[in-house]
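Coordinate inspection notes
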Amino acid sequence: MSQIQQLQSWWQSLQKREQQLVLGAGVTLAIAAFYWLLWAPLHLSYQTQQQQLQQVSQQLLQVSSFPVVSTQTKVQGSLTDIISSSARNHKIQVSRMQPQNEQMQVMLNDISFDQLLTWLHELQYQHNVSIVQLDLAVADAPGMVRVRRLLVES
């Protein structure tokens, strides 16, 4: 006998009252499964998203109320001093610096590429020194570069 036939014969063997009880339990189980497996997780996710939206909206209001500050403030000290002190802080050896009007041409000995990027990032975002031109060559050691020409301005 197939399972469907076994289920039908079992159902027929139940009294009318037992059939109603099994049917009610099945409906209750189906409603509970729908609630716990679909409705509750979706509702919780919706509430969480609403809270996050409110938090982000409040942050946006706070940030938009901040005064606008120019990122291009005047550089403190001469360009030569800034480059020298910053290179010294990063343990970078400058082989040559040559002023050209409002700009400075810099040549560096072999340097780690990551170290160069860190230094250039500091020059640009902490000292407001703009990088006009950068000419690199691959050095002999892996990960090392030679800065043939770095042209910066304040």
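Residues numbered from 1 in each chain as written. Predicted model: local features only at pLDDT ≥ 70, side-chain atom pairs only at ≥ 80, totals over all residues. Heavy atoms only, no water.

**Considering the overall build of the chain**
As a reminder of what qualifies: Strands are runs of DSSP state E lasting at least two residues, helices are runs of H or I lasting at least four, and both sets are numbered from the N terminus onward. With the radius of gyration taken over C-alpha atoms, the globule rule is written as 2.2 Å times the number of residues to the power 0.38. In this description, contact between two residues means that some pair of their heavy atoms is separated by no more than 4.5 Å. Where accessible areas are quoted, they stem from the Shrake-Rupley method and a 1.4 Å probe; at the residue level, only the protein chains shown are allowed to cover. Counted as positive: Lys and Arg. Counted as negative: Asp and Glu. His and the chain ends are not counted at all. Lys charges are placed at NZ, Arg charges at CZ, Asp charges at CG and Glu charges at CD.
Counting its secondary structure elements, the chain contains 4 helices and 5 strands. Along the chain, helices and strands appear, N-terminal first, in the series α-α-α-β-β-β-α-β-β. For the chain, the C-alpha radius of gyration of 36 Å lies well beyond 15 Å, the compact-globule estimate for 154 residues. At a minimum sequence separation of 6, the contacts of the chain that also span at least 24 residues come to 49%. Here the chain has roughly 12000 Å² of accessible surface; of this, 57% comes from carbon and sulfur atoms. With 9 positive and 9 negative side-chain charges, the chain shows a spacing of 7 Å between the two charge centroids.

**Things to note about the pattern of salt bridges**
Where we set the bar: Salt bridge, as used here, is a side-chain nitrogen of Lys or Arg placed within 4 Å of a carboxyl oxygen of Asp or Glu. Throughout this description, buried means an accessible area under 20% of the type-specific maximum (1.4 Å probe, protein chains only), exposed means over 50%, and partly exposed covers the range between.
Applying the stated criterion to the full structure yields 2 salt bridges. Here R148 and D135 are joined by a salt bridge, their closest N and O atoms 3.3 Å apart. Residue R148 is located in strand β5 (residues 144-153), and its partner D135 is located in strand β4 (residues 130-138); the two are separated by 13 residues in the primary sequence. Look at D135 and you get partly exposed, because its relative accessible area is 29%.

**Let's talk about the packing of helix α3 (residues 79-89) against helix α4 (residues 113-126)**
The following threshold applies: Interaxial angles span 0 to 180 degrees and are taken between N-to-C directions of axes, which are lines fitted to C-alpha atoms, for helices over the stretch in contact. For classification purposes, an angle smaller than 35 degrees is called roughly parallel, one larger than 145 roughly antiparallel, one from 65 to 115 roughly perpendicular, and anything else oblique. Crossing handedness follows the turn of the near helix against the far one: under a right angle anticlockwise gives a left-handed crossing, and clockwise gives a right-handed one.
Orientation of α3 relative to α4, taken along the N-to-C sense of each, is 140°, at an axis distance of 11 Å. When the axes of α3 and α4 are compared, the pair comes out oblique. Our pair here, α3 against α4, has a crossing hand that is right-handed. Facing α3, whose interface residues are I82, I83, S86 and A87, α4 presents W119, E122 and L123.

**A word on the pairing of strand β1 (residues 94-100)**
Rule in force here: DSSP bridges decide pairing: two strands pair if at least two such bridges lie between them.
Looking at chain direction, β1 and strand β2 (residues 103-108) are connected through 6 bridges and run antiparallel. Its bridge partner being in β2, V94 is matched across the sheet by L108. Linking β1 to β2, which pair antiparallel, is a turn of 2 residues; within it N101 sits at a positive phi near 55°.

**Some points on the confidence of the model for the chain**
Rules: Note: pLDDT gives the predictor's confidence per residue, expressed from 0 to 100.
Model confidence for the chain is summarised by a mean pLDDT of 86, while 93% of its residues fall at 70 or above. At the level of individual helices and strands, the chain shows its lowest average pLDDT in α3, which scores 85, and its highest in helix α2 (residues 16-64), which scores 94. Contacts for the low-pLDDT stretch residues 70-75, under 50 throughout, to residues beyond four places or in other chains number 6 contacts.

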